[in-house]
Amino acid sequence: MSEKNKKPQKLKARLPRGFVDREAGDIRAANQMMETIREVYERYGFDPIETPLFEYTDALGKFLPDSDRPNEGVFSLQDDDEQWMSLRYDLTAPMARHVAENFNEIQLPFRTYRAGYVFRNEKPGPGRFRQFMQFDADTVGAPGVQSDAEMCMMMADTLEALGIKRGDYVIRVNNRKVLDGVMEAIGLGGEENAGRRLNVLRAIDKLDKFGPEGVKLLLGEGRKDESGDFTKGAGLIGEQIEKVLFFVGIKNYADSAAELADLVAGTSKGAEGVGELNMIGGLVESAGYDAGRIKIDPSVVRGLEYYTGPVYEAELTFDVTNEKGEKVVFGSVGGGGRYDGLVSRFMGQPVPATGFSIGVSRLMTALKNLGKLGEDQVLAPVLITVMDGDVESMGRYQRFTQALRNEGVRAEMYQGNWKKFGNQLKYADRRGSPIAIIQGGDERAQGVVQIKDLIEGKRLSGEITDNAEWREARVAQEVVPEAELVTKVKEILAAQAEDRRRVKGA
């Protein structure tokens, strides 16, 4: 076959791994949820900013030591001046860059929120995507832990505004300084023990998964799982392990605070951390948030290598059924903490900051489980059918459409091949249109339109089986003057809405 007779190869449509297309229902549900979150943040006095999807890679902190290429965690490209840029990994680093770049213009404390997509160049898996949305709030320039306490209160208020009732969530709070004090108390202070401290953190992080006995093994020599695989432990001895397990095993902070203070007494940061936890506890209690809503919990270890003070996590405590049919606690939907070193990287001077991030997709899943999101069906548009294609007729159809839209009614004029009228009603059915407007030449001459209630018609079509009976009944179809079109459509839509409410309440 000659080159010119070769058929062009058809392009294969395929979605990149780790990414998803979003349908109308999910987009509307996310918008509904984020508008509620936004209202709470605004009520607390936070203002929005927006940063670009790309940042210079060094601003994200994603260069490995002694390397001239970004690490594998980010999607990167080189600019025309050979500088590396990367898609943002989170929303915090770009905000820190924004603050540093505009430090002389912004008002401190700087209270801001942002929503947007972030990107991770990591292997995708079930529920693990390379692009996902976060919703962050941060306070920059506030050194006192009262700003951390306020973040926890705002997290609690946000969850309740979204319909998650008290008892179904808890905001858990810990402090990096306290854990540093515990590490120092067991002889793991100093830079020379940084690797061993990280192993201890990783062991503590498995508390929910393996329980105290499993963590005890991981803190010591190691743990063998059911398959026989062995995970090497942190290598602590008996007394060290007991102190760490005491710290993460505290259930009632008020009962154990004195003993914890004794454990970290004499360490460089431990006593300071305990004091900060006590202050946060006192502030939230004074504001009316009991331990059922905001709880001091030393087992929280999220991001402790990143945060410099208080850390907090929003956890949903109700049960859901996983893919294996097992009842499990839903778990974390967001968290954050104090990160006093991040803005300072750009400034060469201390700049305190604290904030938290909500995982939008995970929180949406939780709200759907509770029936708090995506339940309100968006009404499909009223369809104005097209019977004639001349300019005058088309102008009338368009005028009907605009008249409905101007009164707040969702409407569209059919844009397909109008000569096959049956296809127009099939289109309306597939769209779920509640009403069809019909005007042929006879109706136009009389100055009237036919209004077809498609919802009622669909219901009654199951009750009438004889074609003659159907034609005689002219089910759910009315003829009204053009001037009464909008009023009649709104009346039918109101009746349909009342039917939906009745069915939902039954």
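Above: the structure in question.
Asks: Just to check I follow, could you spell out the overall build of the protein chain for this structure?
Replies: Counting its regular elements, the protein chain contains 18 helices and 18 strands. For a compact globule of 506 residues, the expected C-alpha radius of gyration is about 23 Å, and the protein chain comes in at 30 Å, more than 25% above that figure. Dimensions along the principal axes, computed over C-alpha positions, put the protein chain at roughly 95 × 70 × 60 Å. For the protein chain, contacts bridging at least 24 residues in sequence account for 68% of all contacts bridging at least 6.

Asks: In this structure, what is going on with the packing of aromatic side chains? I would like to understand it.
Replies: Inspection of the entire model under this criterion finds 7 aromatic pairs. Residues Tyr-113 and Phe-135 carry aromatic rings whose centres are separated by 6.0 Å and whose planes lie at 35° to one another, so their mutual orientation is tilted. Within this pair, whereas Tyr-113 is found in strand β5 (residues 110–119), its partner Phe-135 is found in strand β6 (residues 131–140), the two being separated by 22 residues in sequence. For Tyr-113, a relative accessible area of 4% corresponds to the buried category. On the numbers, 5.8 Å between centres and 35° between planes, the contact of Phe-318 with Phe-330 is tilted. Taken together, the residues Phe-318 in strand β11 (residues 310–321) and Phe-330 in strand β12 (residues 327–338) connect sequence positions 12 residues apart. Comparing Phe-318 with Phe-330, the two get one shared label, buried. Its end group placed over the ring of Tyr-89, Lys-62 keeps NZ or CZ at 3.7 Å from the ring centre. For the cation-ring pair, Arg-223 lies above Phe-210, with the distance from its terminal atom to the ring centre recorded as 3.7 Å.

Asks: Looking at this structure, I do not really get the packing of helix α5 (residues 176–185) against helix α8 (residues 238–248). What am I missing?
Replies: The packing of two helices is summarised by the inter-axis angle and the distance between the axes. Two numbers describe how α5 lies on α8: the axes approach to 10 Å, and their chain directions differ by 165°. When the axis of α5 is compared with that of α8, the two are roughly antiparallel. Crossing of α5 over α8 shows right-handed handedness. Residues Val-178, Leu-179, Val-182, Met-183 and Ala-185 of α5 pack against Lys-243, Val-244 and Phe-247 of α8. Among the residues forming the contact of α5 with α8, the class breakdown is 7 nonpolar, no polar and 1 charged.

Asks: What is the right way to look at the environment of Phe-421 in this model?
Replies: Inspection of the secondary structure assignment puts Phe-421 in helix α14 (residues 421–431). Taking the relative accessible area as the measure of exposure, Phe-421 reaches 24% and is therefore partly exposed. Taking the C-alpha atoms as reference points, Phe-421 and Phe-129, 292 residues apart in sequence, are found 44 Å from one another.

Asks: I keep staring at unusual backbone geometry and nothing clicks. Help me out?
Replies: Negative phi characterises most residues that are not glycine, and trans characterises most peptide bonds. With an omega dihedral of -5°, the bond running from Leu-108 to Pro-109 counts as a cis peptide bond. Here Pro-109 is to be found in the loop between α3 (92–101) and β5. Positive phi, normally seen in glycine, also occurs at Glu-82, with a value near 65°. Secondary-structure assignment places Glu-82 in the loop between β3 (76–78) and β4 (84–87).

Asks: I tried to follow the nonpolar core on my own but got confused; where do I start?
Replies: For soluble globular proteins, nonpolar side chains are generally found buried alongside one another. Met-33, Tyr-41, Ile-171 and Leu-363 are the most contacted members of the largest nonpolar core, which has 76 residues in total. The element that contributes the greatest number of residues to this core is helix α4 (residues 146–161), accounting for 8 residues. Those residues in contact with Leu-363, other than ones at most four positions away along the chain, are Met-33, Ile-37, Leu-159, Leu-162, Ile-164, Val-333 and Ile-358.

Asks: Could you clarify how one ought to interpret the pattern of salt bridges in this entry?
Replies: Once the charged atoms of two side chains with opposite charge are near each other, the side chains can pair. Scanning all chains against the criterion turns up 30 salt bridges. Here Arg-114 and Asp-138 are joined by a salt bridge, their closest N and O atoms 2.5 Å apart. Of this pair, Arg-114 sits in strand β5 while Asp-138 sits in strand β6; the two residues are 24 residues apart in sequence, bridging distant segments of the chain. We note that Arg-114, like Asp-138, is buried. Between Asp-297 and Arg-172 there is a salt bridge, with its nearest N and O atoms 2.8 Å apart.

Asks: Honestly, α3 in this entry has me stumped. Any pointers?
Replies: Residues lying three or four places apart along an α-helix face the same way, a consequence of the helix completing one turn every 3.6 residues. Counting buried positions along α3 gives 9 out of 10 residues, so the element sits mostly inside the fold. Listed as buried for α3 are Thr-92, Ala-93, Pro-94, Met-95, Ala-96, Arg-97, His-98, Val-99 and Ala-100. Looking at the buried side of α3, the elements it contacts are β2 (54–56), α2 (57–60), β5, β6 and α11 (344–347).

Asks: Looking at this structure, I do not really get the sheet that holds strand β17 (residues 448–453). What am I missing?
Replies: Strand pairing in a sheet relies on backbone hydrogen bonds. The paired strands run either parallel or antiparallel. Sheet architecture is open: 5 strands sit in the order β15-β14-β16-β17-β18, paired in mixed fashion. The strands lining the two open edges of the sheet, one partner per strand, are β15 (411–413) and β18 (477–481). Strand-to-strand twist of the sheet, defined as the mean angle between neighbouring strand axes without regard to direction, takes the value 25°. Bridging between strand β14 (residues 382–384) and strand β16 (residues 435–438) involves 2 bridges; their strand directions are parallel. What sits directly across from Leu-383, in β16, is Ala-436.

Asks: Mind showing me how you'd approach the sheet that holds β2 here?
Replies: Read across the sheet, 3 strands follow the order β2-β4-β3 without closing on themselves; strand pairing throughout is antiparallel. Edge positions in the sheet fall to β2 and β3, since each of these pairs with one other strand and no more. Strand after strand, the sheet turns through a mean of 30° between neighbouring axes, direction not considered. Looking at chain direction, β2 and β4 are connected through 3 bridges and run antiparallel. If you follow Tyr-56 over to β4, its bridge partner there is Met-85.

Asks: Looking at this model, I keep getting lost on the pairing of β5. Mind explaining?
Replies: In terms of burial, β5 is a largely internal element, 7 of the 10 residues being buried. As defined by bridge partners, strand β1 (residues 47–48) adjoins β5 across 2 bridges and the pair is classed as parallel. Within the sheet, the bridge partner assigned to Pro-48 lies in β5 and is Tyr-113. As paired elements, β5 and β6 share 10 bridges and run antiparallel to each other. If you follow Ala-115 over to β6, its bridge partner there is Phe-135.

Procedures and definitions
Residues numbered from 1 in each chain as written. Predicted model: local features only at pLDDT ≥ 70, side-chain atom pairs only at ≥ 80, totals over all residues. Heavy atoms only, no water. Helix = DSSP H or I, 4+ residues; strand = E, 2+ residues; numbered from the N terminus. Rg over C-alpha atoms; globule rule 2.2 N^0.38 Å. Contact = heavy atoms within 4.5 Å. Phe/Tyr/Trp six-rings, centres within 6.5 Å; stacked < 30°, edge-to-face > 60°. Buried < 20%, exposed > 50% of the residue type's maximum accessible area, 1.4 Å probe, protein only. Lys NZ or Arg CZ within 6 Å of the ring centre and 35° of its normal. Axes fitted to C-alpha atoms, helices over the stretch in contact; angles between N-to-C directions. Parallel < 35°, antiparallel > 145°, perpendicular 65-115°, else oblique. Left-handed = near helix turned anticlockwise from the far one by under 90°. Nonpolar A, V, L, I, M, F, W, Y, C, P; charged D, E, K, R; others polar. Core = buried A, V, L, I, M, F, W, Y, C linked by side-chain atoms within 4.5 Å. Salt bridge = Lys/Arg side-chain N within 4 Å of Asp/Glu carboxyl O. Pairing = 2+ DSSP bridges.

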